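# Structural description and commentary
In case you want the letters, here they are:
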Amino acid sequence: MSALRLGWSLRALGGQLGAQWERDRRDTLFLMATIALAVLPHVAHQPLWITGAFAAMFGWRLALVFSGRELPGPFVRTVGAIACLAAIFAQYQSLIGREQGVAMLTLFLGLKLLEMKARRDLFVAIFLCFFLLLTSFFHSQSLASAMLVGVAVIALTATMITMQYGQQEAAIAQRYKQALLMLVQALPIALALFVLFPRLATPLWGMQGQGGSSTTGLSDSMAPGGVTSLSKSTAVAMRVKFDGAVPPAPQLYWRGPVFGAFDGTTWSAFGPSPGSPRLASLRTGAPADLFSYEVTLEPNGQPWLLALDMPVRVAPLPASKVGVGSGFTLLRDHRVFERLRYRIDSHLDYELGAELDPSELQPWLHLPLNFNPRTLALARQWRDEMTGLPTMQVVDRALSMFRTQAFRYTLNPPALGRHSVDEFLFDQQAGFCEHFTSAFVVLMRAIGIPARVVTGYQGGTVNPLDGYMVVRQSDAHAWAEVWTERQGWVRVDPTAAVAPERIETDQRLVDETDFGAPSGTVGTWALLKLNLDALANRWNQWVLNYDRRSQGRLLESLGLDGQDWTRLAALLAGAMVLLIGGSALLTLQPRPVGDPLAKVFEQFCQKMAVLGVARLEHETPGQYLERSSRHLSADALQQARGIVALYTQLRYGAMSGVYQGKERRRRSRASKERARHIAKARQGLRELRASVQQFGP
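Residues numbered from 1 in each chain as written. Predicted model: local features only at pLDDT ≥ 70, side-chain atom pairs only at ≥ 80, totals over all residues. Heavy atoms only, no water.

The number of helices and strands found in the protein is 22 helices and 21 strands. For the protein, the proportion of its 697 residues judged to be buried stands at 43%. When contacts within the protein are restricted to residue pairs at least 6 apart in sequence, long-range pairs at least 24 apart make up 72% of them. Counting only carbon and sulfur atoms, one obtains 59% of the accessible surface of the protein, whose full area is about 35,300 Å². (Helix = DSSP H or I, 4+ residues; strand = E, 2+ residues; numbered from the N terminus. Buried < 20%, exposed > 50% of the residue type's maximum accessible area, 1.4 Å probe, protein only. Contact = heavy atoms within 4.5 Å. Areas by Shrake-Rupley, 256 points an atom, 1.4 Å probe, with all protein chains shown as cover.)

To continue, consider the pattern of salt bridges. What the rule picks out here adds up to 17 salt bridges. With a shortest N-O distance of 2.5 Å, Arg 343 and Asp 243 are connected by a salt bridge. Of this pair, Arg 343 sits in strand 13 (residues 340–347) while Asp 243 sits in the loop between strand 2 (236–242) and strand 3 (253–259); the two residues are 100 residues apart in sequence, bridging distant segments of the chain. When its relative accessible area of 51% is taken as the criterion, Asp 243 is described as exposed. Ionic pairing is found between Arg 313 and Asp 345, a salt bridge with its closest N-O pair at 2.9 Å. Note that Arg 313 is positioned in strand 10 (residues 311–314) and Asp 345 in strand 13, a separation of 32 residues in sequence. Looking at Asp 345, the relative accessible area reads 10%, which means it is buried. When salt bridges that share partners are traced, they join Arg 77, Lys 112, Glu 115, Arg 120 and Asp 121 into one network. (Salt bridge = Lys/Arg side-chain N within 4 Å of Asp/Glu carboxyl O.)

Mean pLDDT over the protein works out to 79, with 81% of the residues at or above the 70 mark. Across residues 659–671, where pLDDT falls below 50, the model places 28 contacts with residues more than four positions away in sequence or in other chains. (pLDDT = per-residue confidence, 0-100.)

Side chains of Trp 60, Phe 75, Val 76 and Val 79 sit close together on the surface and give an oily, nonpolar patch of about 410 Å² of accessible area. Ranked by the residues each element gives to the nonpolar patch, the list is headed by helix 4 (residues 74–92), at three residues. Among the structural elements, Val 79 can be located in helix 4. For Val 79, a relative accessible area of 43% puts it in the partly exposed group. (Patch = residues over 30% accessible without salt bridge, like charges linked within 9 Å, V, L, I, M, F, W, Y side chains within 5 Å.)

Bringing the packing of aromatic side chains into the picture now. Inspection of the entire model under this criterion finds 16 aromatic pairs. For the ring pair Phe 54 and Phe 58, a centre distance of 6.0 Å and an interplane angle of 35° mean the geometry is tilted. Highlighted residues: Phe 54 and Phe 58, both in helix 3 (residues 48–67), separated by four residues, approximately one helical turn. Relative accessible area serves as the criterion here: at 17%, Phe 58 is assigned to the buried category. Pairing Phe 424 with Phe 436 gives two aromatic rings, centres 5.0 Å apart and planes at 90°, and the pair type is edge-to-face. (Phe/Tyr/Trp six-rings, centres within 6.5 Å; stacked < 30°, edge-to-face > 60°.)

On the surface, Lys 599, Arg 682, Arg 686 and Arg 689 cluster together to form a positively charged patch. When residues in the positive patch are grouped by element, the largest group, three residues, is from helix 22 (residues 672–694). The residue Arg 686 is located in helix 22 in this model. Judged by relative accessible area, Arg 686 falls into the partly exposed class, the value being 46%. (Lys, Arg positive; Asp, Glu negative; His and termini not counted. Charge placed at Lys NZ, Arg CZ, Asp CG, Glu CD.)

Two elements in contact, helix 18 (residues 596–609) and helix 19 (residues 621–628), have axes whose closest approach is 12 Å; the angle formed by their N-to-C orientations is 20°. By the angle class used here, helix 18 and helix 19 are roughly parallel. In this structure, helix 18 crosses over helix 19, and the sense of that crossing is left-handed. Residue-level inspection shows Phe 601, Cys 605, Met 608 and Ala 609 of helix 18 in contact with helix 19, the latter providing Pro 621, Tyr 624 and Ser 628. (Axes fitted to C-alpha atoms, helices over the stretch in contact; angles between N-to-C directions. Parallel < 35°, antiparallel > 145°, perpendicular 65-115°, else oblique. Left-handed = near helix turned anticlockwise from the far one by under 90°.)

This part takes up the sheet that holds strand 4 (residues 261–262). What the three strands build is an open sheet, ordered 1-5-4; its pairing is antiparallel. In the strand order of this sheet, the two ends are held by strand 1 (221–222) and strand 4, each with one partner. The pairing of strand 1 with strand 5 (residues 267–268) spans two bridges and is antiparallel. Across the sheet, residue Ser 221 finds its bridge partner in strand 5, namely Ser 268. (Pairing = 2+ DSSP bridges.)

Moving on to the packing of helix 19 against helix 20 (residues 634–652). Contact geometry for helix 19 and helix 20: axes closest at 10 Å, N-to-C directions at 170°. Relative to helix 20, helix 19 is oriented roughly antiparallel. Residues Pro 621, Gly 622 and Leu 625 of helix 19 form the contact with helix 20, whose participating residues are Leu 637, Ala 640, Arg 641, Val 644, Tyr 647 and Thr 648.

Of all the eight residues making up strand 13, seven are buried; the element is thus mostly covered by neighbouring parts of the structure. Here strand 7 (residues 290–297) runs beside strand 13; their pairing, made up of eight bridges, is antiparallel. When the sheet's bridge partners are listed, Phe 291 is paired in strand 13 with Ser 346. In this sheet, strand 13 lies alongside strand 10 in antiparallel orientation, the contact comprising three bridges. Residue pairing across strands places Pro 311 opposite Ser 346, the latter belonging to strand 13.

Take the sheet that holds strand 12 (residues 330–332) next. The three strands lie next to each other as 8-12-11, forming an open sheet whose pairing is antiparallel. Only two strands of the sheet have a single partner each, and these edge strands are strand 8 (304–305) and strand 11 (322–324).

Turning next to the pairing of strand 2. The element strand 2 is extensively covered by neighbouring structure, given that six of its seven residues are classed as buried. Across four bridges, strand 2 lies against strand 19 (residues 469–472) in antiparallel orientation. Opposite Val 236, over in strand 19, you have Arg 472 as the bridge partner.

Glancing now at the nonpolar core. Judged by nonpolar contacts, the single largest core of 42 residues is most densely connected at Phe 402, Phe 440, Leu 443, Met 444 and Val 482. For this core, the element with the highest residue contribution is helix 12 (residues 433–447), accounting for 10 residues. For Val 482, the contacting residues outside a window of four places in its chain are Met 392, Val 395, Phe 440, Met 444, Ile 449, Pro 450, Ala 451, Gly 488, Trp 489, Val 490 and Val 492. Counting 25 residues, the second-largest nonpolar core is a separate cluster that includes Ala 237, Val 240, Phe 242 and Val 295. (Core = buried A, V, L, I, M, F, W, Y, C linked by side-chain atoms within 4.5 Å.)

Time to look at the environment of Met 163. Within the secondary structure layout, Met 163 lies in helix 7 (residues 143–163). Sequence separation between Met 163 and Leu 31 is 132 residues, and the spatial gap between their C-alpha atoms is 9.4 Å. Residues in contact with Met 163, not counting those within four places in the same chain, are Asp 27, Leu 31, Arg 119, Leu 122, Phe 123 and Ile 126.

Okay, the side chain of Glu 298 next. By the secondary structure assignment, Glu 298 is in the loop between strand 7 and strand 8. Here Glu 298 falls in the buried class, since its relative accessible area comes to 13%. Within the structure, Glu 298 has its side chain in polar contact with the side chain of Arg 339 (distance 2.9 Å). (Polar contact = N/O pair within 3.5 Å; in protein donor to acceptor, adjacent residues only side chain to side chain.)

For the rest of this paragraph, the subject is the environment of Met 576. Residue position: Met 576 is located in helix 17 (residues 565–587). With relative accessibility at 14%, the residue Met 576 sits in the buried group. Spatially, the C-alpha atom of Met 576 lies 9.6 Å from that of Ala 190, the residues being 386 residues apart in sequence. In this view, Met 576 contacts Ile 189, Ala 192, Leu 193 and Gly 581; residues no more than four positions away in its chain are not counted.

Dropping the structure here:
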């Protein structure tokens, strides 16, 4: 019996006031479904206890709705609010901040569910949901996130429409249709505001760090052996659009931070101190090796700009200054907390720091004391055996050791201890690019060759649909540079000696295992992924990267001065007046209620009028048929009588209420008997329409 009542209760959500449920309960359930959709984007980005606390309050209110019991009193809600604030403070050590505000908004929305009584409370909860959806863009501004927010906005609008109904209500599908129509009508206004509203030079908020999880992305330090397993992150690090040809895969080294300071376990960049190395000079080769391209850098919370090794020119950035670090890393004057687009030129044929003297190279030779004794012993042996030989011969011997001995490339290396380089070279002999590069640089320095660690990305894959090269976090890489007398700093990649496929092979943008594609359908899934990636890139370029410069270029192409805010404001105001006025003219006109039955019978009358007998306004269908019968053949008269009889039955018979207007038609859905009448009436309408189409006087 209880299951039957629950079924009736849920059916009542479809529209009409029923015997089982009163109006407020149905509106509350409709609102709660929308609230769950608004909270959904935050679930993956908040601590588990916040989601659990909200779910507990949500379930509590849901149980109260179904049971019909009273809401908790003010004392319980007050204690709950204090407990939520205390828990947030314990989690974040503060009540002020972006994450704290979102957590507070989520929990207070749950508390609001426990005090909703009046219709005003329902609207307050709806407005809280709108704010909560806005904060979801703190976590992600991707196309998928925007689509999820769009669905939630449609649901919230449908909920507000629901609150406006009196005793009579529309079906749920009709509510969502009306909400979608309202948002489509508002779309031109939103587009005008997006294009013409003055863009800020800096974002309203920045991206915080991602906590302590380890991925194959870049960091401001490197500690080989500190992480025993790296996850392959497919997140996009940057997208690159070359003006012309794309360099070969083995030359795609995207230069990032350069590390020269080593404390025995961790590599880091030199700080600004008197002993720091000075900036080396750069000489480039033939113009044929010059590549021009545009980089769209994803937010990473770091100050460096990635560039193809070796950058020679960067286009000016608005509200930013770009400098060059001691390792020839491009550095912005503030961290990248927003998606950043910049143009840059790079030379693949270059000579860096050939003029440096030995005193200037000392910082690149420093090693800490009492670390890695076996590596230092090996270096002394090699130094004695190879005294006077060119630097590159010593480098080749080290690479040959990696190539010929039992070294292997793996993303799941064993953990290393205090003497990490010794353990890697002589015991474990398994690791990824950080292990090989760190061991190589320490060995070179111990021999007396200036060396340093360079981190960045290696590789990238061009999406053939839009021509953009995608560089992902899984392309993160570390390599070395050694200094020689004639060439200056020379790139050496120890990882290539062990795993050349990591460097020389173009990595695919799609893989046969992506999406769990079944055998024989790889091409379809691959094409789908390419299209999704191209679509995401279009969203980034056209929407998320629509900044002050983009707005200025667009307005200048229209013959307007993008820097004249007075004219821009006047243009925006004029556009608003035209769009809002036009929308009002189109939407506020009264519309007659459609009558499908009358429309079909009118088609019948038009066919009869061909005989010269038009229906008079005062004539009933039977009188009209009697007056027109002498003009019809026997077969046509029989068809006409069937049409008139069916029309009369549908219009004036037991099912006439179905076609007396929308409100009565909606009320008829409250009972199964009336539902059967509706189904029968619809069948009769289909029969009548078919008969009229076949009728030929």
